[in-house]
Structure formats: C-alpha cells, structure tokens
Amino acid sequence: MRVATCVDVVEPILKIDDLWVEYPSRESKGRIQQAVKALSLTVNRGEVFGFLGPNGAGKTSTMNVLLGFCPPTRGNAYLFGTSVRETFARQRIGYLPELTYYYKFLTAEEILRFYAQIFGIPRAVAEQRIDLVLKLVELDHARRRPIKTYSKGMQQRVGLAQALINDPDLLILDEPTSGLDPLGRMKVRQIIQRLRNEGKTVFFSSHELGEVETVCDRVGILIQGEMRVEGKVSDLLQQHYGNLEQLFMEIVGCNAAA
Amino acid sequence: MNNVVPLQSTPLRCSGPAVEFRSSPASRVWAIATVVIRELCRRKDFYVLFILTALISVTLASVNIFGDDKVVRYLKEICLLLIWVSSLVIAIVTTARQIPSERENRTLFPLLAKPVSRGQLLMGKFVGCWMAVGLCLLCFYLFFGLLSGIKEQSWPVLAYLQAMLLHWAMLAMVVSMTLLGSIVFAAPSSNGTILLVVTGGILFVGSHLNKLAIGLPEPGQTLVYGLYYVLPHLELFDVRELLVHGWGLVPAAPVVGALAYAASYSALFLALASWRFRRMPVNT
Ligand SMILES: Nc1ncnc2c1ncn2[C@@H]1O[C@H](COP(=O)(O)OP(=O)(O)O)[C@@H](O)[C@H]1O
Ligand SMILES: [Mg+2]
C-alpha cells in the first residue's frame with residue numbers, strides 16, 4: 001500500500017458540498033423534482049465508500065454531477081480539490097457507468113487503446129496496462145473479438161477494464177454488481193478489494209447493503225435524495241448489533257410507510 | 001472481513017508510482033476521429049454505394065446506348081453524379097448518427113468521464129467524419145479517373161485532384177452542418193432527412209434563390225433573400241462540368257477563395273454546435 005503524504009491526508013479526494021440536483025418532473029409538466037437534497041460528504045484517500053440507497057434515491061444523479069454530465073442546481077463538488085466543472089478534474093478517475101454498451105464494432109483491445117490515447121498514456125505503457133486490466137477482468141481470451149459478440153457480463157467487464165486503464169486514484173462505480181450473476185458479483189467485489197489493498201479510493205453505489213459490509217470502510221445511505229445514515233462500517237455494526245441489513249430495511253421501510 | 005478470496009499477487013500498478021500523463025487536445029481529437037474512421041471502414045455503407053456506382057458506370061461504359069461522340073461525355077456525367085450523390089449520402093448518414101448513437105448506446109458517458117471536453121469530442125467527430133468521407137472520395141475519383149482514362153486515353157490528373165479537393169471542401173461544410181443539426185434537432189432520425197433535403201435544395205436552387213426572391217410577395221421575399229445570404233453556397237464547389245468537357249483547371253485565386261469560404265462556414269457551424277452542446281445536460 002502506498003504511504004499517504006501529509007498533503008494527501010489534509011485534502012479529501014472527493015468532496016461534495018451542499019449539493020442539490022433538480023430535474024423537470026417527468027410526471028407533471030412545469031414542476032421540478034429534487035433528486036438530491038443538501039448532500040454533503042467527503043471521501044478520503046484509500047477509503048472504500050459504499051453509497052447506498054434504493055432505486056431512485058439519487059445515487060446516479062450525484063455521480064452525474066461528479067462527472068460533469070449535468071451541472072449541480074446548487075452546491076458544488078470537488079475531485080482532488082478541483083471543481084468538477086473542469087475537465088482536468090477527470091484525469092485521475094476511473095468511471096463505470098450504470099448501463100453502457102461499448103462501441104460494438106471495436107474489439108476490447110481497440111477500445112482500451114482508444115481510451116488510453118484520450119488519457120495520453122504512451123503507447124508502450126498503454127499496451128502493458130491493456131494486458132494487465134484484460135487479465136484482471138478475465139477477458140484476455142476475447143480481446144481480439146468485436147464487442148458485439150460479447151455477453152452482457154463480458155460487456156460489464158469491459159466497463160471495469162476501461163475504468164482501470166489510466167491506473168486511477170479514484171474509482172467511481174455506479175452499481176458495479178447489478179445485473180451480474182453471483183460469481184460475477186464476487187469477482188467484482190474481489191477487484192474492489194484488490195484496489196483497496198493498493199491504496200486506491202473507491203466510491204461505489206449499490207442498492208444492496210449485504211454486499212458492502214465486506215468491502216467498504218464507510219457507507220452512506222441515501223433515501224429520496226437525502227443522506228440518512230453515514231458512518232464507518234465497524235461503528236454501524238457495533239451500534240446495530242452486527243446487522244446492517246436490518247438497519248437498511250428499517251430506514252427504507254420507515255420511509256415507505258411515511 | 002476475512003471471508004475474501006485470496007488476491008492474486010500482481011499489482012494493478014505497473015509503472016511504479018503514479019505517473020502523470022497528459023494528452024494534448026489534438027491527440028484527443030485524433031483518437032476520437034480514428035474511431036469514426038474505423039467505424040466507417042467496418043460498415044457496409046461505403047462499399048455498397050461504391051459497388052453500385054461502379055456497376056452502373058461500367059455497365060453504361062460497356063453498352064453503347066448513346067450516340068458515338070457523346071458516349072464518353074454522358075458516361076462521365078452520370079458517373080460524377082453518382083459520386084456526388086453517394087458522397088453526400090455517406091457524409092450525412094455517417095455524421096448524423098454520431099452523437100445520437102453515442103447517446104443511445106450510452107458510450108458518451110465513459111468517454112465524457114475522461115479528460116476530454118465536449119468541444120473536443122465534437123471536433124473529433126468532425127475530423128473523423130470528414131477524413132472518412134475524404135477516403136471515400138479518393139476511391140471514387142480513382143475509379144472515375146481510371147474509367148474515363150481508359151475510355152478517352154487522356155489523364156488530366158491535376159483537374160481530377162482539383163475537383164476532388166473542392167468536393168472535399170464542400171463536404172466539410174455538409175459534415176459540420178449535419179453535426180450541428182444532430183445537436184439542435186431533438187429527434188435523431190429526422191436530422192439525416194432534414195440535412196439531405198437542405199443539402200439537395202442548396203445544390204439545386206441555392207444559386208437561384210435571389211432570382212426566386214424577386215418574384216415573391218414581401219415576407220417571403222426577405223426570407224428567401226435571407227436564406228440566399230445565410231446558407232452556404234455548396235453549388236459553387238461543383239466543377240463537374242469542367243471535368244466532363246475537359247475544360248481544364250480553375251485558376252488558383254478562386255480555388256483559394258472557395259477553400260477559405262468552406263473553412264469559415266465549417267468553423268461557424270462547429271462553433272455553434274459546440275456552444276450548444278456544452279450547455280446541454282447529457283443524462284437524459
Ligand atoms: N434525466 C432525468 N430527468 C428527470 N428525472 C430524473 C432524471 N434522472 C433521474 N431522475 C429522477 O431522479 C430520481 C433519482 O434518480 P437516480 O439518481 O437515477 O437514482 P438511483 O441512481 O439512486 O437509482 C428518480 O426519481 C428519477 O426518476
Ligand atoms: Mg442509478
């Protein structure tokens with residue numbers, strides 16, 4: 001694991017400051033819908049942060065702001081101390097979208113080469129990294145086949161490979177395990193574990209609490225755009241008698257009842 | 001927290017401590033452009049149109065359906081017409097689908113999550129589409145040159161090159177206009193159709209709009225005059241007549257002027273597109 005320098009310790013890698021995200025409502029015209037309300041959180045170097053919440057809680061909306069896909073209605077967010085409004089804030093991150101199909105006419109190798117070029121990784125280093133990440137996600141055997149011949153699980157793994165191509169310091173993964181079979185989930189969790197062991201910072205969302213206990217240092221639970229619970233996994237386990245699933249159900253259940 | 005399967009020992013990092021790489025805007029643009037060119041090479045569009053053009057031309061060349069002295073001239077005319085239509089279709093269809101398909105297939109998200117600006121993305125798409133149609137033109141004109149060379153026993157290579165250059169410059173305006181259209185018009189499928197109609201319209205009546213305006217009642221007159229001055233005059237770049245009749249080269253000055261004209265229009269369309277695209281939320 002890498003040793004954090006003094007400067008790194010002071011500066012959170014990811015910082016969200018009183019963030020609000022609003023959309024024009026899909027149901028009734030003219031009204032707005034608040035997807036994220038007054039969200040503040042920080043993620044420090046080397047932490048794995050589980051961003052939890054049921055479907056529609058606002059997890060993807062938060063990530064959309066982090067990646068500059070849509071501007072925040074209010075508040076701001078920072079990656080490595082740089083406002084997300086700047087392109088350069090994205091040089092050291094890797095991102096796995098919730099749902100994506102990669103350029104179908106390219107092979108896995110070609111896609112990774114393309115992204116490496118975007119990052120400005122020199123050719124020789126890029127080839128090394130492509131070998132490495134393809135082995136990691138176990139797509140080495142299919143690297144010269146066009147993506148259109150891939151199964152859904154394989155496409156998800158291409159996604160993971162492209163998120164790792166630039167050797168990012170921060171990974172933002174949007175529901176990386178959803179839609180995968182149990183074996184696929186376990187592999188993704190293993191990869192997150194490995195990244196954490198190497199001192200990477202991981203910010204990932206999920207709607208299942210059970211799976212994050214094993215990989216997260218800290219979790220936050222988002223319900224209807226508001227952060228309800230946030231804390232270290234070990235602390236939460238202590239407070240709730242070792243049963244986080246129960247806690248999650250309670251919070252979500254309460255909310256549904258209200 | 002020990003129930004995790006042992007990890008493999010190879011580290012994910014392969015180059016020691018974090019090395020800060022940074023690409024230049026030009027290399028990012030070029031990377032995006034190469035993907036567009038690759039796509040066109042792997043799709044059937046160009047091959048179908050090329051084979052069609054070649055088949056029709058060769059068939060006409062082998063059957064003497066015209067009067068003897070006019071044979072070659074008609075043949076060249078038809079071949080060039082096919083080339084023009086094919087190149088416009090390829091340019092518009094290829095360009096029109098770029099941004100919509102990035103959004104539909106959601107490939108836009110991993111791409112924009114990388115250190116690339118939306119302006120650079122658009123520029124990459126422009127360069128890619130323009131280069132790709134340039135390659136297509138090269139094949140088309142090579143075929144045309146061979147066919148008419150064999151028929152006529154003359155090889156005015158410079159004239160062909162000049163015609164191709166002007167044709168290519170014209171396509172720069174078409175490509176950038178289509179790119180702008182694909183951002184402005186909400187429905188992606190209509191964009192290609194609209195652009196085909198607009199381009200066809202300009203080529204057929206663009207030079208007559210001012211004469212047309214004179215005969216119109218007032219609100220129409222100003223509108224058509226406006227269009228005459230605002231729309232790019234694509235028809236100016238059409239020097240097919242010169243090739244057909246073997247009238248030689250256009251002097252350098254007008255050619256340079258035309259190239260500058262095409263460059264300014266393309267830059268204008270790209271600037272508008274990029275201005276609009278930067279303000280657009282992409283997560284819908
Ligand atoms: N582009 C959009 N336009 C309108 N409403 C949206 C848009 N994206 C998300 N929403 C709404 O915002 C809320 C939060 O969505 P999202 O962030 O995708 O949740 P999650 O990722 O946690 O499942 C949902 O109610 C969703 O319907
Ligand atoms: Mg989501």
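Refer to the preceding data block for the structure.
Scope of this entry: the structure provided in the associated data block. (Residues numbered from 1 in each chain as written. Chains lettered and ligands numbered in written order. Predicted model: local features only at pLDDT ≥ 70, side-chain atom pairs only at ≥ 80, totals over all residues. Heavy atoms only, no water.)

A few points about the sheet that holds strand S2 (residues 32–43) of chain A
All names here are of chain A. The antiparallel open sheet is built from four strands, whose spatial order is S2-S1-S4-S5. What marks the edges here is a single partner per strand, and that holds for S2 and strand S5 (82–83). Pairing geometry for strand S1 (residues 14–24) and strand S4 (residues 74–79), over five bridges, is antiparallel. Bridge assignment links leucine 14 to a residue of S4, and that residue is leucine 79. Here helix H2 (residues 59–66) sits on the sheet in contact with S1, S2 and S4, set at roughly 115 degrees to S1. (Pairing = 2+ DSSP bridges. Helix = DSSP H or I, 4+ residues; strand = E, 2+ residues; numbered from the N terminus. Contact = heavy atoms within 4.5 Å. Axes fitted to C-alpha atoms, helices over the stretch in contact; angles between N-to-C directions.)

Re the interface of chain B and chain A
Tallying the contact residues gives 42 residues for chain B and 52 residues for chain A. With both chains or domains summed, chain B and chain A bury close to 4500 Å², and 62% of this area falls on carbon and sulfur atoms. Summed over the shared surface of chain B and chain A, the number is two salt bridges. Its salt-bridge partner being arginine 38 of chain B, residue glutamate 110 of chain A comes within 3.7 Å of it at the nearest N-O pair. On inspection of chain B and its partner chain A, the count reaches 13 residue pairs in polar contact (both at pLDDT 80 or more). Looking at the side of chain B that touches chain A, the elements that each hand over two or more residues are helix H1 (25–42) and helix H4 (108–112) of chain B. (Buried area = accessible area lost by both parts, 1.4 Å probe. Salt bridge = Lys/Arg side-chain N within 4 Å of Asp/Glu carboxyl O. Polar contact = N/O pair within 3.5 Å; in protein donor to acceptor, adjacent residues only side chain to side chain.)

Here we look at the sheet that holds strand S3 (residues 48–52) of chain A
Paired through backbone hydrogen bonds, the strands of a sheet run either parallel or antiparallel to each other. All names here are of chain A. Read from one edge of the open sheet, six strands run S6-S7-S8-S3-S9-S10, paired in mixed fashion. For this open sheet the edge positions go to strand S6 (93–96) and strand S10 (226–232), each flanked by a neighbour on one side alone. The mean angle between the axes of side-by-side strands here comes to 15 degrees, regardless of whether they run parallel or antiparallel. Note: strand S9 (residues 218–223) against S10, six bridges, orientation antiparallel. Looking across to S10, one finds that leucine 222 is bridged to methionine 227. Strands S3, strand S7 (170–173) and strand S8 (201–206) of the sheet are contacted by helix H6 (residues 182–197), whose axis makes an angle of about 155 degrees with S8.

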